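Chain residues, written in single-letter form:
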Amino acid sequence: MLTAEFGKQTNDFLRDTASDALETVLRIRPALSPGECSEGFLTVNSGTDVTIRHPTRVGHGEQFAFNTVVPLTTTQREMYAHSGAKMIRSALDGQNCCLFTYGASGSGKTHTMMGGPGEDAGVLARTMESLFAMLDKKLYKSTDIRPTGSSYISRVGINEEKQANSFKDELLRRVDDDECQSGDWNSRRRSSILNMNPALLKNGPEPQAEAIDNDDEYLVFASFVEIYNERIHDLLAPVNASTKRAELRIRQDTKGPFVGGVHQVQISSAQEAYKVIDAGRRNLNIAATRLNEESSRSHCLFVVKIAKRMTQHRWGVSQICFCDLAGKERSKNIGSDAKRLGESKTINKSLMQLGIVIEELRNNQKNPGSVAVSFRNSKLTRLMQSYLTGNSKTIIIVTVSQNERFAEETLNSLKFAASAKTVSLGRDRHGFKDTTKMNMSTIHDMTNASVMFKTMSGTMIDNYNVTKGNESAYYSRPSAFQEDTISSSETPVCSLNSAPASGSFDEDYRKWKKIDLIDDLIYYRDRDRELSSSIFAMKNAWKDDEKLMNEERMDFDIQKRNWKVDMHNQKARLQNEYTSETEKLF
């Protein structure tokens, strides 16, 4: 029986980065016709900043700075060098990476991310090509290890392994069958990327596609989901026209949120990755609007999970998320279709929430702990939480149009990028420095022992019967468990390099399992002190206010009784005077 646990990793496994801030790249869509380019509307001042002059506003225009502003003549290959190429090495070194496109509808987001066949291939396909070129002959051949949770891996049984392999074979078979039946890629909805492999390689390997010179082994898994009307769908699951698509839910573990129940396909080549991408794109929700014949009606996330075998039992787990966001839309550009208007409303709401989260992260940087970042207000921001906080690397490609007709959409996109550029990574959601290192997962190979691990109420209960004569061999085998420490300066909580005293294995293993929760508990305990004191002061203030109100109420009651007595006496006096005057008259 096998299990997987998170651990801590020293800084040696992480590559130093020049900056911990979100990186922004601006791409201006080239004009496809003379009418699409408005002279003087958008001016590129240098390789890092642009100036926009709004047609209805008087002034010299607004200037916005980016990490990179790519020229109008930038090819897809050059675009990859500015974005995807920067993430591969970071991901292989243990960082979670994210690349997402942001912009108005029809500004070129999907073309940048997905592209088409041949030299028109987008960032996603080129990243897959480079990744497997770097992992040449380094892939772990077995299929008995599967990812679970956000960064867990575990060895599965024969039945589960067969089910995963069967699903993969069926998925690739469906793509091959559809490819044969559909003919040329131009005849299908959206461009297939299955024919791009030869074209990608004709100019040589992609930038930073050098082979890895270590002896580590790697596993690569891929999943593909979309967020449509705040519902999450698995794009790799077979679609049945007679049944409703299953809605997946977001789960949470100690390392962050993840989509529960999603299919994660083990891929071993770039061609298999292309097929997985193509299978998912065929299930995307797209529709025609006034601006775009094939407008994305949902946000889609293609997640590549990389497991790196560090030692015999330890794996480093990292992710690369490619997020193609749906574009912001104005109702006048959609038409009168009620369904399209409803989709647009949901898209704009989720993008607005993303902007709110970015602004809240900025505020927490200035004053840590001052704002509770509202990641949970949207499915998109909830899934993006792992890439906007912690030890991650995130690149935003902002796409805009040169046409002043879309001045408001372009200005909003530039403002979003300017705000995101100032967000620093390497911090938790409260704005404090995050010390979390590489996600580590440990697989225990019980070759010489029969050990049952059962999770019950967060506690690992071990029932083990060591085979006679093999106990010392089991406890003395070389292991890297001693590296599972909070920091490099601390000693291991649990070391299995030598046999523990009788009965101490259960206790040591429980301590080792809970090591990842210690930092969180200490952090929340420290953060709770200020909140507790504030609540205590507030309660005292309430008691004082209540006491004052009671005193005022008593004063009012006394005053009320006095008024009643005075009114009664006044009434009696007037009555007596009336009686006296009446007697005098008669």
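Residues numbered from 1 in each chain as written. Predicted model: local features only at pLDDT ≥ 70, side-chain atom pairs only at ≥ 80, totals over all residues. Heavy atoms only, no water.

**Some words on the packing of aromatic side chains**
Put simply, the test is: Each aromatic pair joins two rings of Phe, Tyr and Trp (for Trp, the six-membered one) with centres within 6.5 Å, and gets the label stacked for planes under 30 degrees apart, edge-to-face for over 60, and tilted for any other angle. To qualify as a helix, a DSSP run of H or I must reach at least 4 residues; to qualify as a strand, a run of E must reach at least 2; elements of each kind are numbered from the N terminus.
For the structure shown, the criterion picks out three aromatic pairs. Considering the side-chain rings of Phe224 and Phe302, the 5.2 Å spacing of their centres and the 85° angle between planes classify their relative orientation as edge-to-face. Within this pair, whereas Phe224 is found in strand β10 (residues 217–228), its partner Phe302 is found in strand β17 (residues 299–309), the two being separated by 78 residues in sequence.

**With respect to the sheet that holds strand β5 (residues 62–65)**
Heads up, the rule is: Two strands pair under a simple rule: DSSP has to find at least two bridges between them. Note on geometry: axes are lines fitted to C-alpha atoms, helical ones only across the stretch in contact, with angles between N-to-C directions running from 0 to 180 degrees. Whether two residues are in contact is decided by their heavy atoms: any pair within 4.5 Å suffices.
Across the sheet, three strands lie side by side as β3-β4-β5; this open sheet has antiparallel pairing. Among the strands making up the open sheet, the edge pair consists of β3 (42–44) and β5. On average, each strand axis in the sheet is tilted by 25° relative to the strand beside it, whichever way the strands run. Taken strand by strand, helix α10 (residues 407–420) contacts β3, β4 (49–52) and β5, and its axis lies near 45° from that of β5.

**Notes on α10**
Which entries qualify depends on this criterion: For a helix, the expected span equals 1.5 Å multiplied by the number of residues minus one. We call a residue buried when its accessible area falls under 20% of the maximum for its residue type, exposed when it is over 50%, and partly exposed in between, using a 1.4 Å probe and counting protein chains only.
Here α10 spans 20 Å end to end across 14 residues, near enough to the 20 Å set by a 1.5 Å rise per residue. Counting buried positions along α10 yields 10 of 14 residues, so the element is predominantly enclosed. When we look at burial in α10, the residues that qualify are Ala407, Glu409, Thr410, Leu411, Ser413, Leu414, Phe416, Ala417, Ser419 and Ala420.

**Side note on unusual backbone geometry**
A negative phi angle characterises most non-glycine residues, just as the trans form characterises most peptide bonds. One non-glycine residue with positive phi stands out, namely Lys137, at about 65°. Examined against the element boundaries, Lys137 turns out to sit in the loop between α4 (123–134) and β8 (145–148). Overall, the relative accessible area of 76% leaves Lys137 in the exposed class. One non-glycine residue, Asn229, adopts positive backbone phi at about 50°. As for its position among the elements, Asn229 is in the loop between β10 and β11 (231–234).

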